[in-house]
Amino acid sequence: MTLQHLWFIILAALFVGFFVLEGFDFGVGMLMEFFGRAADGAEETAEQHRRAALNTIGPVWDGNEVWIITAGAAMFAAFPGMYATLFSGLYLPLLAILVGMIVRVCAIEWRGKIDDPQWRRWADIGIAMGSWLPAVLWGVAFASILRGLPVDAHHQIQLSAGDVLNPYSLLGGIATAGLFAFHGAVFVTLKTEGAVHDDARRFATRLTVPVTVIVAAFGIWTQMAYGNDVTWIALGVAVVAQLSAVRLVWTRRADGWAFAATAVVVAAVVVLLFSCLYPNLIPSTLNPAWSLTIHNASSSPYTLKVMTWAALLLTPLVMCYQGWTYWVFRQRISAAHIPASIGLSRNGGPH
Amino acid sequence: MDALDVSRWQFGITTVYHFILVPLTIGLAPLLAVMQTIWVVTGNPAWYRLTKFFGKLFLINFALGVATGIVQEFQFGMNWSEYSRFVGDVFGAPLALEGLAAFFFESTFIGLWIFGWTKLPRLVHLACIWIVAFGVNASAFFIISANSFMQHPVGAHYNPETGRAELTSIWELLTNNTGIAAFTHTVGGAILTAATFVAAISAWWMVRSGNTEESRTMFRPAAMLGCAVALVAAASLGLTGDFQGKLMFVQQPMKMASAESLCHTETDPDFSVLTIGTHNNCDSVTHVIEVPYVLPFLAESKFEGVRLEGVQDLQKEYVAKYGPGDYRPNLFVTYWSFRMMIGLLAFPGLFALTTLWLTRKGRIPTQRWLSIFALVTLPMPFLANSAGWVFTEMGRQPWVVAANPTGDPNLHLTIRQGVSAHSAGTVWISLITFTALYALLAAIWFWLIRRYTLEGPLEHDAEPAPPTPPGSDDVAPLSFAY
């Protein structure tokens, strides 16, 4: 195995980390609105429920988001050709993802700063938009890459609408959005108790069938169009894990195992996409010879060697302290745990 | 404007914006750690309240810094893809190291710090903010190492086969003398920014509260801490800036000649304080006020016998070396941003000295002009930081990777070679989107910072809650929740 192969695996692993962790963050943000609606109709209860859901990811979502920063930087360092071609080629979709992610960070962090219903309303719109948009668009982006982009002989892409807006890419977008919503609902089930827990379980239960159908459709299309004998394994793992998750949600047992199962589904789908891609990084629809591969888009052996040491030493450390964070905040929370708003009133000057 | 100009405007706007927020994060994290340490060691609740008060301002700012930071990493590939292709083998490594060795730390431990006040033992919780402080500064180190490669490429060579720069030594890359100088200078500026922020807000509150318990126990000590740190930081800026300047006279003589509007090669030229020009080039420069001996000292630590090359002569030299082209940076911008960076330092310096004098021997100043002085001083270090980066980046133009005079002569790239092949219209869409979104978020950021500053340290932050033992079953409300 060469370093290029190793870095293809590391890159896939970083995206697995991002989608598994940020996936449930997106899911919680996507469903937050519904936690509000599911309450007994009183705005105060609804607000407590929304806050309980949001606070399940409160201490961890910021650290989770670093996985995409690191994945992007690792792509830059290990496969600069891919980074340059892909990021300039998918310019407008990435712009939309960035807008979503910027709005989401500010909306989550600033939501509680001002104790005012109108303020929270705007923050909730920001959280919803900032979660739905990237959840759909990351799926569209990855499906479009696997489908192939018009890479020319100079490794430039002149993107046309059909490259990203086509049935397969759109199905990919719906699949990731559905998967993250399901993953998020199962996460909130695991992290809460009381009414919020029951709501989360109900959302998860309702999502089981549609999400399984959509993800299966996307997985089978992917396998049939781009797969090979080995990728069947990833698809198989995804299907078994998804069916286990469905069964655990239906039987209302073992929230922790259900969450582990949805995490495996997300990971297996990412592995499926990357293993279908291999050894390409961006297949060219114009001429297969112009495709970016792990060989023609990679960094020099020295850079890959340096980065290998850094990744092998530091990634386990990161996983240790991030894992510890989840342990520190392992306690389930309920609406009763949510204190009065920490925010200041909208008006009012110095006293 | 063509796609290159629009892309440059976008990079300039998003980067200057990002770096208004970041210095406060870099500088305030260690100051918060110091405040919390004083509380943990002395048990004095005033320092707990101060930690909470400045902690809230820190977090409002941190959020926007993180949000705008994502754009920074993405737009190298989005707008500067040919640059990314050319330097990725070298430039990607420090960015990836930043993620792995710094950004993960700060983002994970900030969550533990925000939510962990009653979940973690007191010393472990204190360690969290110190780790955040370490993380933000380590981030700065890696990012500036990357930037310094563009200023002074070392640890790499140009590979004609692949047509790109390739890393030969990560150690040389990370110990680039330009990088060490720029990192210490930038951190000095960040600490000055945060110390001035703490000092100005505390002094404003001290004057407002008058001779009260709060002034005596919180605002006066915090103002004095801020002022003392600001003075040390200002002194370090002088030293590190001088070191960096001397490197630049050798590494990028064109940048320093522009900063001085030195058009023709001279021996022992005077330092220009005020220059008037009707054209933004050497055709109509009138030096109005000049000071002798300063410039030779800045360049070579000597008062005499220093020969400095002028813009016109360097231009001829570069044409001979790199082919036809205009190698002169924007004279007006480099000249004035350099003076702005240095000149604005006077505000925090004077303010710190004044405040320390007025608070000597237990005094609580009540002069209203001091609070106005505080408010005027507050934004100055932010502007100086921006001016410094505008100077160093604009002064490097038209290069995106400036050639190292003693390094590989083929390792250089102009801005025009580095830009992505987009149509101007495409880049306009993102420029307008980012500018509008950033403007909206800036308005909210400012309003929130102002609102929380005017509220002051909260009464209910007077006493910290005792840590809850892990695994307890009672439904105690969380100490912090969004």
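In the block above lies the structure referred to throughout.
Now for a look at the structure at hand. (Residues numbered from 1 in each chain as written. Chains lettered and ligands numbered in written order. Predicted model: local features only at pLDDT ≥ 70, side-chain atom pairs only at ≥ 80, totals over all residues.)

1. So, the overall build of chain A
Summing up its helical and strand segments, chain A has 12 helices and two strands in all. Seen in sequence order, chain A has helices and strands lined up from the N terminus as α-α-α-α-α-α-α-α-α-α-α-β-β-α. A compact globule built from 351 residues would reach a C-alpha radius of gyration of about 20 Å, and chain A, at 21 Å, matches this within 12%. Principal-axis analysis of the C-alpha atoms gives chain A an extent of 65 × 50 × 40 Å. Considering chain A as a whole, with its 351 residues, one finds that 58% of them fall into the buried category. Pairs at least 24 residues apart make up 79% of the contacts formed inside chain A by residues separated by at least 6 positions. (Helix = DSSP H or I, 4+ residues; strand = E, 2+ residues; numbered from the N terminus. Rg over C-alpha atoms; globule rule 2.2 N^0.38 Å. Buried ≥ 20, exposed ≤ 12 C-beta atoms within 10 Å, placed from the backbone. Contact = placed C-beta atoms within 7 Å.)

2. Some thoughts on helix α5 (residues 91-111) of chain A
Helix length check: α5(A), at 21 residues, gives a terminal C-alpha distance of 30 Å against a target of 30 Å (1.5 Å per residue), a fit within 8%. Across the 21 residues of α5(A), 16 count as buried, placing the element largely inside the fold. (Expected span 1.5 Å × (residues − 1).)

3. Details of helix α2 (residues 45-79) of chain B
All names here are of chain B. The terminal C-alpha atoms of α2, which comprises 35 residues, lie 50 Å apart, in line with the 51 Å expected from a rise of 1.5 Å per residue. Along its length, α2 shows its largest kink, about 30°, at glutamate 73. In terms of residue burial, α2 counts as a mostly covered element, since 30 of its 35 residues are buried. (Bend = angle between axes of the 7 residues up to and from the residue.)

4. Thoughts on the packing of helix α9 (residues 195-226) of chain A against helix α10 (residues 231-250) of chain A
All names here are of chain A. Taken N-terminus to C-terminus, the directions of α9 and α10 make an angle of 170°; their axes are 10 Å apart at the nearest point. Comparing the axis directions of α9 and α10 gives the class roughly antiparallel. The segment α9 lies against α10, with Ala204, Thr205, Thr208, Thr212, Val215, Ala216, Gly219 and Gln223 engaging Thr231, Trp232, Leu235, Ala238, Val239, Gln242, Val246, Val249 and Trp250. Tallied by class, residues from the contact of α9 with α10 come to 10 nonpolar, seven polar and no charged. (Axes fitted to C-alpha atoms, helices over the stretch in contact; angles between N-to-C directions. Parallel < 35°, antiparallel > 145°, perpendicular 65-115°, else oblique. Nonpolar A, V, L, I, M, F, W, Y, C, P; charged D, E, K, R; others polar.)

5. Points about unusual backbone geometry
The omega torsion across Tyr278(A) and Pro279(A) is 0°, close enough to zero to call that bond cis. Between Gln397(B) and Pro398(B) the backbone carries a cis peptide bond, its omega angle lying at 5°. Residue placement: Pro398(B) occurs in the loop between α14 (380-394) and β7 (399-401). With phi around 45°, Ser261(B) is a residue other than glycine that occupies positive phi space. Of note, Ser261(B) is situated in the loop between α8 (253-259) and β3 (266-267). For Ser261(B), a count of 23 C-beta atoms within 10 Å gives the class buried.

6. Digging into the environment of Leu64(B)
On the secondary structure map, Leu64(B) appears in helix α2. Distance from Leu64(B) to His18(B), taken between C-alpha atoms, is 8.2 Å for residues 46 residues apart in sequence. Excluding anything up to four places from it in sequence, Leu64(B) contacts Cys106(A), Leu21(B), Leu441(B) and Trp445(B).

7. A word on the interface of chain B and chain A
Each partner contributes to the interface: chain B provides 65 residues, whereas chain A provides 66 residues. The set of elements that each furnish at least two residues to the side of chain B that touches chain A consists of α2, α3 (81-115), β2 (164-167) and α16 (424-455) of chain B. The leading source of residues in the side of chain B that touches chain A is α3(B), at 23 residues. Partitioned by chemical class, the residues of the side of chain B that touches chain A number 38 nonpolar, 18 polar and nine charged.

8. Observations regarding the environment of Phe373(B)
Residue and element names in this part refer to chain B. By the element assignment, phenylalanine 373 lies in helix α13 (residues 368-377). Residue classification places phenylalanine 373 among the buried positions, given that 20 C-beta atoms sit within 10 Å. As a C-alpha pair, phenylalanine 373 and threonine 354 span 19 residues in sequence and 9.8 Å in three-dimensional space. Here phenylalanine 373 is in contact with Phe351 and Thr354, once residues within four sequence places are set aside.

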